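What follows is the residue order along each chain.
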Amino acid sequence: MKKIAIFASGRGSNAENIINYFKQSTSIKIDLIACNNPNAKVLDRANSHFISTLVFTQKELENGFVLNHLRFKKIEFIILAGFLLKIPKSIITRYVNKIINIHPSLLPLYGGKGMYGMNVHKKVYESKKKESGITIHFVNENYDDGSIIFQAKCPLSANTTPQKIQKKIHKLELKFFPRIIENLLNG
């Protein structure tokens, strides 16, 4: 049984989708929800599924506290699902090619520091792109820069607002993220 941690900072809809997808799995277990926001809805979602949680500060992420907890829990793989802090080198070094992130655009477009959520969708809208999508990638020391694992696209029209782009992207996230995780872990 591979033990997985999901790192999230907000509502946790992707985290809960992943939890539900693997609920009956005999090979993959979501064993920890790690969060830097003590008021995040993802913590309520984790509790409703009886999954342990770890709430931490940015300093605790950087000083080894979080890494020690991951080791204690015997976590083998990390999924970033709406996690807004940069993963420190110490965790990246310990989990080489075992940390993945989902980004709400077709990287390398609209990635980097501060490019998350509606910030990305507004940039896509302003650039009048004919398509957008999701990118699932490995995490390295730079924001949204790791090797791309998977991309999925959706068409956009001239009247597709940032809010409509967000809805289209979220549907792609819910559809593909758990499947790609499963393929990676069972591949």
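Structure shown above.
Student: So what exactly am I meant to see when it comes to the overall build of the protein chain here?
Tutor: A tally of helices and strands in the protein chain yields seven helices and seven strands. Element order for the protein chain, N to C, with α for helix and β for strand: β-α-β-α-β-α-α-β-α-β-α-β-β-α. Taking 2.2 N^0.38 as the reference for a compact globule, 187 residues should give roughly 16 Å; the C-alpha atoms of the protein chain span a radius of gyration of 16 Å, in line with that estimate. C-alpha atoms of the protein chain, sized along the principal axes, occupy 50 × 35 × 35 Å. Looking at the protein chain residue by residue over its 187 residues, the buried ones come to 48%. For the protein chain, the computed accessible surface area is about 9,700 Å², with 51% contributed by carbon and sulfur atoms. Each charge sign in the protein chain was given a centre, from 28 positive and 13 negative side chains, and these centres are 4 Å apart.

Student: Honestly, a positive patch on the surface in this entry has me stumped. Any pointers?
Tutor: On the surface, a cluster of positive charge is made up of Lys-164, Lys-167, Lys-168 and Lys-171. Residue Lys-171 is classed as exposed on the basis of its relative accessible area, which comes to 64%.

Student: Help me out: how do you make sense of helix H7 (residues 162-186) in this one?
Tutor: Owing to its 3.6 residues per turn, the α-helix aligns residues three or four sequence positions apart on the same side. Here H7 spans 35 Å end to end across 25 residues, near enough to the 36 Å set by a 1.5 Å rise per residue. Roughly 30° is the biggest bend found in H7, and it falls at Phe-176, with proline Pro-178 one to four residues downstream. Inspection of H7 places Pro-162, Ile-165, Ile-169, Leu-172, Glu-173, Phe-176, Phe-177, Pro-178, Ile-180, Ile-181 and Leu-185 among the buried residues, and these make up the whole buried set.

About the cut-offs
Residues numbered from 1 in each chain as written. Predicted model: local features only at pLDDT ≥ 70, side-chain atom pairs only at ≥ 80, totals over all residues. Heavy atoms only, no water. Helix = DSSP H or I, 4+ residues; strand = E, 2+ residues; numbered from the N terminus. Rg over C-alpha atoms; globule rule 2.2 N^0.38 Å. Buried < 20%, exposed > 50% of the residue type's maximum accessible area, 1.4 Å probe, protein only. Areas by Shrake-Rupley, 256 points an atom, 1.4 Å probe, with all protein chains shown as cover. Lys, Arg positive; Asp, Glu negative; His and termini not counted. Charge placed at Lys NZ, Arg CZ, Asp CG, Glu CD. Patch = residues over 30% accessible without salt bridge, like charges linked within 9 Å, V, L, I, M, F, W, Y side chains within 5 Å. Salt bridge = Lys/Arg side-chain N within 4 Å of Asp/Glu carboxyl O. Expected span 1.5 Å × (residues − 1). Bend = angle between axes of the 7 residues up to and from the residue.

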